[in-house]
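# Summary of structural features
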Amino acid sequence: MLLLALAAPVQAGTAHIHFLVTPATPATGLSDLQAVEGFRNALAELAGGYTEWGPSQGASRQGGKLERQTNFSYLVAADRDITTDLVKLIQKYFTAPRPFVLHWTGTTSIPLSPNI
């Protein structure tokens, strides 16, 4: 029984997990590189880090038609819900009138601390 307790992962607390999608098109006035690097830096500053899943494909129904999109996907964990901040960052760096951010909670093996 003691071995099982020692083998169990340590849970440091609640994490707010955000899955987000950015379009491949940079905001007006930004190059592809400026948009991606600026966005990555802003994510690191806001949440302390991120996981980039890279290029992804998706589709959504708009105006009765299925619109396929090429985009980039990221996973970000934070000590609080940062959905509103993420939406603003996506709109700042990419052409995205309605950014997609999915939020849920879970537990983390390391403590997450505020980075703002």
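To keep things clear, this report deals only with the structure shown in the data block. The shown structure was predicted, so the numbers you read here are calculated from the model rather than taken from an experiment. (Residues numbered from 1 in each chain as written. Predicted model: local features only at pLDDT ≥ 70, side-chain atom pairs only at ≥ 80, totals over all residues. Heavy atoms only, no water.)

## Some details on the sheet that holds strand β3 (residues 65-78)
As a reminder of what qualifies: In this analysis, strands are considered paired if DSSP registers two or more bridges between them. Each helix is a run of H or I in the DSSP string that is no shorter than four residues. Each strand is a run of E no shorter than two, and both are numbered from the N terminus. Axis lines are fitted to C-alpha atoms, over the contacting stretch for helices. Their N-to-C directions set the angle, which ranges from 0 to 180 degrees. Residue contacts follow a heavy-atom distance rule, with two residues in contact if any of their heavy atoms lie within 4.5 Å.
One open sheet accounts for 4 strands, arranged β2-β3-β1-β4; its pairing is antiparallel. Edge strands, defined here as strands with exactly one partner in the open sheet, are β2 (51-62) and β4 (100-108). For this sheet, the mean inter-axis angle between neighbouring strands, taken without regard to orientation, is 30°. Pairing between β2 and β3: 11 bridges, direction antiparallel. In the strand pairing of β3, glutamine 62 is matched with lysine 65. Lying on the sheet, helix α3 (residues 83-93) is in contact with β1 (13-23) and β4; it crosses β1 at an angle near 20°.

## Thoughts on helix α2 (residues 32-47)
This is how it is decided: By definition here, a helix of n residues has an expected span of 1.5 Å times n minus one. Here's how the labels work: a residue is buried when its accessible area is under 20% of the maximum for its type, exposed when over 50%, partly exposed in between, all with a 1.4 Å probe on protein chains only.
With 16 residues, α2 ought to run about 22 Å at 1.5 Å a step, and its terminal C-alpha atoms sit 22 Å apart, in line with that. For α2, the set of buried residues is Ala35, Val36, Gly38, Phe39, Ala42, Leu43, Leu46 and Ala47. Buried residues along α2 sit in contact with β1, β3 and α3. Following α2 by one or two positions, glycine 48 has its phi on the positive side, about 90°.

## Here's the deal with the environment of isoleucine 110
Mapping isoleucine 110 onto the fold places it in the segment after β4. In the structure, isoleucine 110 is positioned 95 residues away from alanine 15 in sequence and 9.6 Å away in space, judged by C-alpha atoms.

## Some words on the pattern of salt bridges
To keep things clear, this is the line we draw: For this analysis, a salt bridge means a side-chain nitrogen from Lys or Arg found within 4 Å of a carboxyl oxygen belonging to Asp or Glu.
Enumeration over the complete set of coordinates arrives at 3 salt bridges. Of the charged contacts, one joins arginine 40 and glutamate 37 as a salt bridge, the two residues approaching to 2.7 Å between their closest N and O atoms. Of this pair, arginine 40 and glutamate 37 are both found in helix α2, 3 residues apart, which corresponds to roughly one turn of the helix. For arginine 40, a relative accessible area of 22% puts it in the partly exposed group. Glutamate 37 gets classed as partly exposed once you look at its relative accessible area, which sits at 33%. In this structure, the salt-bridge partner of arginine 80 is aspartate 79, at a minimum N-O distance of 2.9 Å. Salt bridges sharing common partners tie together Glu37, Arg40 and Glu52.

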